[in-house]
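Each chain is listed here by its residues.
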Amino acid sequence: MARKTVITKVLDVDAQDGIIEFPQNRTLYADQFTDEAPNSDADREGFKPKNMKDVFEHYQPSKKGVALTTEEGGAAFEDFDFKSIKDFEDEQLIEQSELLSAEKGKIDAYNSVIRQLEKNKTLRNTLKDTTARGDLKNALEALLAELDSTE
């Protein structure tokens, strides 16, 4: 059975007409997405947005100094700017962050190796045999040393 999400906006203690039904296929972001203090009613009075683009251009939400944990356990501080709803998606946040982009690159490389292992039967069999695995490891280490020496 589908559940309905209801958002209430109390206009008066006895008011019943302040209830708004919120569609299930929508996402409501309710948070402070800027480091600045919220605008006063006087600041918002003349602002009449026609679409979400107008809202983002007017308020220019951003978060400065968001603490992210590095792989080593340290902290890295990143700034995020939001110019549209799409900027809240994972891919857009990763694109804005150097740390998250680097981590995503590592994850993609590991996933590529896993896919190769799943597809390549010869490589899988080589990794099962301890002697062949040692030979492969030595060959890869020699290749890595050669690559390091050419830089």
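Before any of the text, the structure's been laid out above.
In short, a report on the structure. (Residues numbered from 1 in each chain as written. Predicted model: local features only at pLDDT ≥ 70, side-chain atom pairs only at ≥ 80, totals over all residues. Heavy atoms only, no water.)

### Some details on the packing of aromatic side chains
For any pair of aromatic rings, the description rests on two quantities: the centre-to-centre distance and the angle between the ring planes. Threshold: Here a Phe, Tyr or Trp ring, Trp counted by its six-membered ring, pairs with any other such ring whose centre lies within 6.5 Å, and the pair is stacked when the planes are under 30 degrees apart, edge-to-face when over 60, and tilted otherwise. The helix count covers DSSP runs of H or I at least four residues long, the strand count covers runs of E at least two residues long, and both are numbered beginning at the N terminus. In this scheme, a residue with accessible area under 20% of its type's maximum is buried, one over 50% is exposed, and one in between is partly exposed, where area comes from a 1.4 Å probe on protein chains only.
Overall, the coordinates contain 2 aromatic pairs when judged by the stated rule. With a centroid separation of 6.5 Å and 55° between ring planes, the pair formed by Phe-56 and Phe-88 is classed as tilted. Of this pair, Phe-56 sits in helix α2 (residues 52-59) while Phe-88 is found in the loop between β4 (75-81) and α3 (90-96), placing the two residues 32 residues apart along the sequence. Considered together, Phe-56 and Phe-88 belong to a single accessibility category, that of buried residues. Both rings, one in Phe-82 and one in Phe-88, keep their centres 4.4 Å apart while their planes meet at 5°; by these two values the pair is stacked. With respect to class, Phe-82 is no different from Phe-88; both count as buried. Ring pairing ties together the aromatic residues Phe-56, Phe-82 and Phe-88, which thus form one cluster.

### As for the pattern of salt bridges
Cut-off, in case you're wondering: Whenever a carboxyl oxygen of Asp or Glu lies within 4 Å of a side-chain nitrogen of Lys or Arg, that contact is scored as a salt bridge.
One pass over the structure, following the stated rule, counts 5 salt bridges. Notably, a salt bridge pairs Asp-81 with Lys-64, separated by 3.2 Å at the nearest N-O pair. Of the two residues, Asp-81 sits in strand β4 while Lys-64 sits in strand β3 (residues 62-69), which places them 17 residues apart along the sequence. Of the residues examined, Asp-81 reaches a relative accessible area of 29% and is grouped as partly exposed. Classification of Lys-64 by relative accessible area gives partly exposed; the value is 44%. The shortest N-O distance in the salt bridge between Glu-71 and Lys-106 comes to 2.7 Å. Of the two residues, Glu-71 sits in the loop between β3 and β4 while Lys-106 sits in helix α4 (residues 98-119), which places them 35 residues apart along the sequence. You can call Glu-71 exposed: its relative accessible area is 53%. For Lys-106, a relative accessible area of 37% puts it in the partly exposed group. Look at the salt bridges and you will find they share partners, linking Glu-71, Glu-103 and Lys-106 into a network.

### Points about unusual backbone geometry
The phi dihedral of Gln-60 is positive, around 45°, even though this residue is not glycine. Summarising the element assignment, Gln-60 is placed in the loop between α2 and β3. For Gln-60, a relative accessible area of 57% translates into the label exposed.

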